[in-house]
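The primary structure of each chain is shown beneath.
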Amino acid sequence: MPKSTSAYDLVIVGGSASGLSVAVSSLRSGLGLIRIIESSTAVAFPELVGPNQLDVGYGETVSSVDVDGDLLVVTSNKQTYRTTAVLIADRRPVANWKPPIPVVDSPRIHIDSCNVHDDDDVLVVGFTDHAVELTATMAAGGARVVLAAGGLDPDKLSPAGESILRRLERERRATLLYRSVPDQIGEAAGFPMAYFSDRRTPDLQFDHVVFASARTNLGPGDVGATAAAVASGHLFFVGEPTADSTAPTVPGWRVGTAIAEACFPELQLPERPTSIEKRQRHGGFIAELREEHYNATITHFEPTHSDWWVLRVRPDQGDTSHLPGQYASLGLGYWEARSTTPSTQTRRQHRDS
């Protein structure tokens, strides 16, 4: 088996959102040689590979991680790498995972994968990086995607996951429901019907529904890591830390910082601002978002009671006429401060029911 002639700074096992985030941020911060090992034929966000000149080995699976002097040795089915640090960025699905809501038995309802065609309407249900990965994959396949991500916290996503999510929303390639998830998935005329009790979201019918399953941490045994490799302090795993973890396990949104602090103290990784801090720092950017995304103005608002508001809306272009079966959705951008007083501007979307 051939061996690499140069020692790497970092080897990342898994081209997930977390793995790509660490690769990009580490390269920008000064690391020279970074290798991503991906067992499949594509990483989570292929559009990040070229612009960031990422070094990816496709179709590679890791069989062992050991120690050789001051370096770790990673052996795959294709090559052996000597590296200062290793990040295991893969996580495995939870065994026998089931959707957390009632779901009708249908071949159009999937867990973690789905073959889509142009113009398919697809609902992705989930609120993690994995759900964003699925949303990006469906959108790249030409589908019209809605991500039902009730409870999603953008600050808990990896930087790559957050960036791609914003891009999908900005480019109108995905519709994001930040606070809504369906209560159940039924069937109408052979197609999945998502039922929402949230008054803000109407019941919607799709060609396919895809659930992003829960993920669980990998451990040293999953990658053949020796006790010496674990004890080195230079082997990291992505995931929420657990009490019985035998190796450093760090959430995907801050694993890059943890690796830099432990292995490359000379790097100056910038602090990742929260969504609120971004809004505070980028007033001009927010103005651009408003200009780009808002396309109507509320001209009358009458809060009859908590469940019944009367609004009149003037679109910037066109009119508000509808055909039977159509509806309009009003929404504010995620960057807006939350209050009980509606903004005088709003985004209007049309979608056939």
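Preceding this section is the structure that the text describes.
Conventions used here
Residues numbered from 1 in each chain as written. Predicted model: local features only at pLDDT ≥ 70, side-chain atom pairs only at ≥ 80, totals over all residues. Heavy atoms only, no water. Helix = DSSP H or I, 4+ residues; strand = E, 2+ residues; numbered from the N terminus. Contact = heavy atoms within 4.5 Å. Buried < 20%, exposed > 50% of the residue type's maximum accessible area, 1.4 Å probe, protein only. Salt bridge = Lys/Arg side-chain N within 4 Å of Asp/Glu carboxyl O. Phe/Tyr/Trp six-rings, centres within 6.5 Å; stacked < 30°, edge-to-face > 60°. Pairing = 2+ DSSP bridges.

Novice: Looking at this model, I keep getting lost on the environment of A131. Mind explaining?
Specialist: By the element assignment, A131 lies in helix α2 (residues 129-140). Remark: the alpha-carbon pair of A131 and S213, spanning 82 residues in sequence, is separated by 8.3 Å. What A131 contacts, discounting residues up to four positions off in sequence, is V124, G126, L147 and A212.

Novice: I would appreciate a short explanation of the side chain of T249 in the present structure.
Specialist: Here T249 is to be found in strand β18 (residues 249-250). Taking the relative accessible area as the measure of exposure, T249 reaches 11% and is therefore buried. Among all residues touching T249, those that are not within four sequence positions of it are N217, F237, V238, G239, E240 and P241.

Novice: What am I meant to see in the side chain of H130 here?
Specialist: Inspection of the secondary structure puts H130 in helix α2. Excluding its chain neighbours within four sequence positions, the residues that come into contact with H130 are D112, A212, S213 and R215.

Novice: Please clarify how the pattern of salt bridges should be interpreted in this entry.
Specialist: Side chains that differ in sign of charge can pair as their charged atoms come close. Taken as a whole, this structure holds nine salt bridges when the rule is applied. Here R215 makes a salt bridge to D112, at a shortest N to O gap of 2.8 Å. Placement of R215 in strand β16 (residues 215-216) and of D112 in the loop between β8 (109-111) and β9 (121-125) is noted, with a sequence separation of 103 residues between them. For R215, a relative accessible area of 24% translates into the label partly exposed. Of the charged contacts in the structure, one is a salt bridge between R144 and D119, with a shortest N-O distance of 3.3 Å. One end of the pair, R144, is in strand β10 (residues 144-148); the other, D119, is in the loop between β8 and β9, and 25 residues separate them in sequence. One salt-bridge network, in which partners are shared between bridges, spans R35, D55 and E60.

Novice: Would you mind going over the packing of aromatic side chains with me for this structure?
Specialist: Centre-to-centre distance and the angle between the planes together describe a pair of aromatic rings. Applying the stated criterion to the full structure yields one aromatic pair. Plain terms: the ring middles of Y8 and Y81 are 5.6 Å apart, the flat faces sit at 75 degrees to each other, and that makes the pair edge-to-face. A residue pair is termed long-range when its members are at least 10 positions apart, and Y8 in strand β1 (residues 8-13) and Y81 in strand β6 (residues 80-88) qualify at 73 residues. The two residues Y8 and Y81 agree in class, both being buried.

Novice: In this structure, what is going on with helix α5 (residues 255-263)? I would like to understand it.
Specialist: Buried within α5 we find V255, G256, A258, I259, A260 and C263. Close packing links the buried residues of α5 with α1 (17-29), β6, β17 (235-238) and β18.

Novice: Is there a simple way to think about the sheet that holds strand β12 (residues 184-188) in this case?
Specialist: Within a sheet, adjacent strands bond to each other through the backbone by hydrogen bonds, running parallel or antiparallel. Spatially, the three strands line up as an open sheet ordered β12-β13-β14, and their pairing is antiparallel. Both edges of this open sheet fall to β12 and β14 (204-205), since each of them pairs with a single strand only. Relative to β14, strand β13 (residues 191-195) runs antiparallel, the two sharing two bridges. Counterpart to M193 in the pairing with β14 is Q205.

Novice: Help me understand unusual backbone geometry, please; the structure alone is not making it clear to me.
Specialist: Most of the time, phi is negative for any residue but glycine, and the peptide bond is trans. At D112, a residue that is not glycine, the phi angle is positive and equals roughly 75 degrees. Despite not being glycine, D119 shows a phi value in the positive range, around 70 degrees. For D119, a relative accessible area of 48% corresponds to the partly exposed category.

Novice: Looking at this structure, I do not really get the environment of V122. What am I missing?
Specialist: Mapping V122 onto the fold places it in strand β9. Note: C-alpha distance between V122 and M138 (16 residues apart in sequence) is 7.6 Å. Once residues within four sequence positions are removed from consideration, V122 is found in contact with V116, M138, A143, R144, V145, V146, F206, H208 and V210.

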